[in-house]
Structures are given as C-alpha cells and as structure tokens.
Amino acid sequence: MIELPFEYWNKLASHFILISVFLGGFSIAITANLLINQTEKRIFRIILMLATISSSGFLTAVFSMTKIFLATTKGAPMVVTQSELNTPRIIGFVCYIVGVFSLLTIIGLSGWTKSKSTGIFTTVVSIITLFLFFVAAVS
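Please read all numbers here as calculations on a predicted model, not as lab measurements.

Novice: What should I look at first to understand the environment of Gly-119 in this one?
Specialist: Within the fold, Gly-119 resides in helix α4 (residues 116–138). A residue is classified by how much of its surface remains accessible, and Gly-119, at 0% relative accessible area, is buried. Beyond its immediate stretch of four places on either side in the chain, Gly-119 contacts Gly-108, Gly-111 and Trp-112.

This is the structure in structure tokens:
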C-alpha cells in the first residue's frame, strides 16, 4: 500500500472538513425543522432519525478530519506517524459515508411526504445520485 504524504492528508482533511461542515449544517437544519413539525406521520419520524444520523456522521467526520489536519500541519507540536492517523482516517471516512447515505435517503423519502408521484421522482433522483457518487468515487 502506498503511504500518502502528510501534505496530501492535510489538504484532503481540509476538504473533508469543509464538505462535512456544510452538509452537517444542512442535516441539522432538517433535524430542527422536523423537531418543530407537529405531524405524527411515520415518514416524518424516519426522516428525523435519518437527519439525526446524518448530522452525527458529518460532525464526527469533522472532528476526525480536524485531528488529521492539526497533526499534519507544518510546525505541529506533536510528531505523528502514518499509522497513528489510521483510526481518525477510518472513523472520519466511515462517518462521512454514513452521513452521505443518510442524506441521500432523506432526499429519496422527502417526496413521499407530498404525493406518490413526487415520492417516485425524489427516489429516482436519490438513486441516480447514489450511483453517480459511486462512479465518481471509483474512477
């Protein structure tokens, strides 16, 4: 396995932080809106749970990537090795993926709160986005 230089991890972590903060804020806004919603429908409870999972995933990714960012910044007071960054890398990446999947599921379910045709549309868009996410990640 090729070990990536600290400069690369530093840039990668900063990008993950930016994306995760943005998407985490979006997920928290969904959570807040659903908490004040008085509807007791099952679909709203499921979306609320997914929004909470998404928010937690993105926030955990931010904290993990911040540790990598701080550890790999030039002039950092602590000396770290590649292996010491494995745990925050794995936790950060897994939590980021959990956040993305939860958010895509929210998008897919959101249309079902309005009508069957809107639900089908949002589900199809969510599946296409998930497919494109995998294609972009693999290529």
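Novice: Would you mind showing me how to read the packing of aromatic side chains here?
Specialist: When we look at a pair of aromatic rings, we describe it by the centre distance and by the angle of the planes. Per the counting criterion, the structure on display carries 5 aromatic pairs. Each ring, one from Phe-101 and one from Phe-133, has its centre 6.4 Å from the other, and the planes form 75°; the classification is edge-to-face. In this pair, Phe-101 is assigned in helix α3 (residues 86–110) and Phe-133 in helix α4, connecting sequence segments 32 residues apart. With a relative accessible area of 32%, Phe-101 lands in the partly exposed category. Between Phe-133 and Phe-134 the ring centres are 6.1 Å apart and the planes differ by 65°, which places this aromatic pair in the edge-to-face class. Pairwise contacts between aromatic rings join Phe-16, Phe-58 and Tyr-96 into one cluster.

Novice: Just checking my understanding: could you explain the packing of helix α1 (residues 6–36) against helix α2 (residues 42–72) for this structure?
Specialist: When two helices pack together, their arrangement is given by the angle between their axes and by how far apart the axes lie. It is at 7 Å that the axes of α1 and α2 come closest, and there the two elements cross at 155°. What the angle tells us is that α1 and α2 run roughly antiparallel. The crossing of α1 and α2 is left-handed. In terms of residue class, the contact of α1 with α2 is built from 22 nonpolar, 11 polar and no charged.

Novice: Is there a simple way to think about the side chain of Thr-122 in this case?
Specialist: Checked against the element boundaries, Thr-122 lands in helix α4. Of note is the side chain of Thr-122, whose polar atom sits 3.0 Å from the backbone oxygen of Gly-108. Thr-122 has contacts with Ile-107, Gly-108, Ser-110, Gly-111 and Trp-112, leaving out every residue within four places of it along the chain.

Novice: Would you explain the confidence of the model for the protein in this entry?
Specialist: Low-pLDDT portions of the prediction should not be read for the details of their coordinates. Residues at a pLDDT of 70 or more form 99% of the protein, whose mean pLDDT is 92. Element-level pLDDT for the protein is lowest in α1, with a mean of 93, against a maximum mean of 96 in α3.

Novice: Looking at this model, I keep getting lost on a nonpolar patch on the surface. Mind explaining?
Specialist: Taken together, the side chains of Trp-112, Ile-120, Val-124, Ile-128, Phe-131, Leu-132 and Val-135 make up a nonpolar region of the molecular surface, amounting to roughly 650 Å² of accessible area. Of note, Val-124 is situated in helix α4.

Novice: Honestly, the nonpolar core in this entry has me stumped. Any pointers?
Specialist: Side chains of nonpolar character tend, in soluble globular proteins, to be buried together. Counting 26 residues, the largest nonpolar core has Ile-30, Phe-58, Met-65, Ile-68, Tyr-96, Leu-103 and Ile-106 as its most contacted members. Of all the elements in the fold, those that place two or more residues in this core are α1, α2 and α3. The element contributing the most residues to this core is α2, with 10 residues. Dropping the residues within four chain positions of it, Ile-106 is found in contact with Ile-30, Ile-47, Leu-50 and Ala-51.

Novice: Even after reading the chapter, I still don't get the side chain of Ser-126, so can you show me in this structure?
Specialist: The topology assignment puts Ser-126 in helix α4. Classification of Ser-126 as buried rests on a relative accessible area of 9%. Ignoring sequence-local partners within four residues, the contact set of Ser-126 consists of Leu-104, Thr-105, Ile-107 and Gly-108.

Novice: Help me out: how do you make sense of the packing of α3 against α4 in this one?
Specialist: Where α3 meets α4, the closest approach of the two axes is 6 Å, and the angle between their N-to-C directions is 155°. As judged from the angle between their axes, α3 and α4 are roughly antiparallel. Contact with α3, carried on its side by Ile-97, Val-100, Phe-101, Leu-104, Thr-105, Ile-107, Gly-108 and Ser-110, involves Gly-119, Thr-122, Thr-123, Ser-126, Thr-129, Leu-130, Phe-133 and Phe-134 of α4 and no other residues of that element. Here the contact of α3 with α4 is built from residues that sort into 8 nonpolar, 8 polar and no charged.

Cut-offs and rules
- Residues numbered from 1 in each chain as written.
- Predicted model: local features only at pLDDT ≥ 70, side-chain atom pairs only at ≥ 80, totals over all residues.
- Heavy atoms only, no water.
- Helix = DSSP H or I, 4+ residues; strand = E, 2+ residues; numbered from the N terminus.
- Buried < 20%, exposed > 50% of the residue type's maximum accessible area, 1.4 Å probe, protein only.
- Contact = heavy atoms within 4.5 Å.
- Phe/Tyr/Trp six-rings, centres within 6.5 Å; stacked < 30°, edge-to-face > 60°.
- Axes fitted to C-alpha atoms, helices over the stretch in contact; angles between N-to-C directions.
- Parallel < 35°, antiparallel > 145°, perpendicular 65-115°, else oblique.
- Left-handed = near helix turned anticlockwise from the far one by under 90°.
- Nonpolar A, V, L, I, M, F, W, Y, C, P; charged D, E, K, R; others polar.
- Polar contact = N/O pair within 3.5 Å; in protein donor to acceptor, adjacent residues only side chain to side chain.
- pLDDT = per-residue confidence, 0-100.
- Patch = residues over 30% accessible without salt bridge, like charges linked within 9 Å, V, L, I, M, F, W, Y side chains within 5 Å.
- Areas by Shrake-Rupley, 256 points an atom, 1.4 Å probe, with all protein chains shown as cover.
- Salt bridge = Lys/Arg side-chain N within 4 Å of Asp/Glu carboxyl O.
- Core = buried A, V, L, I, M, F, W, Y, C linked by side-chain atoms within 4.5 Å.

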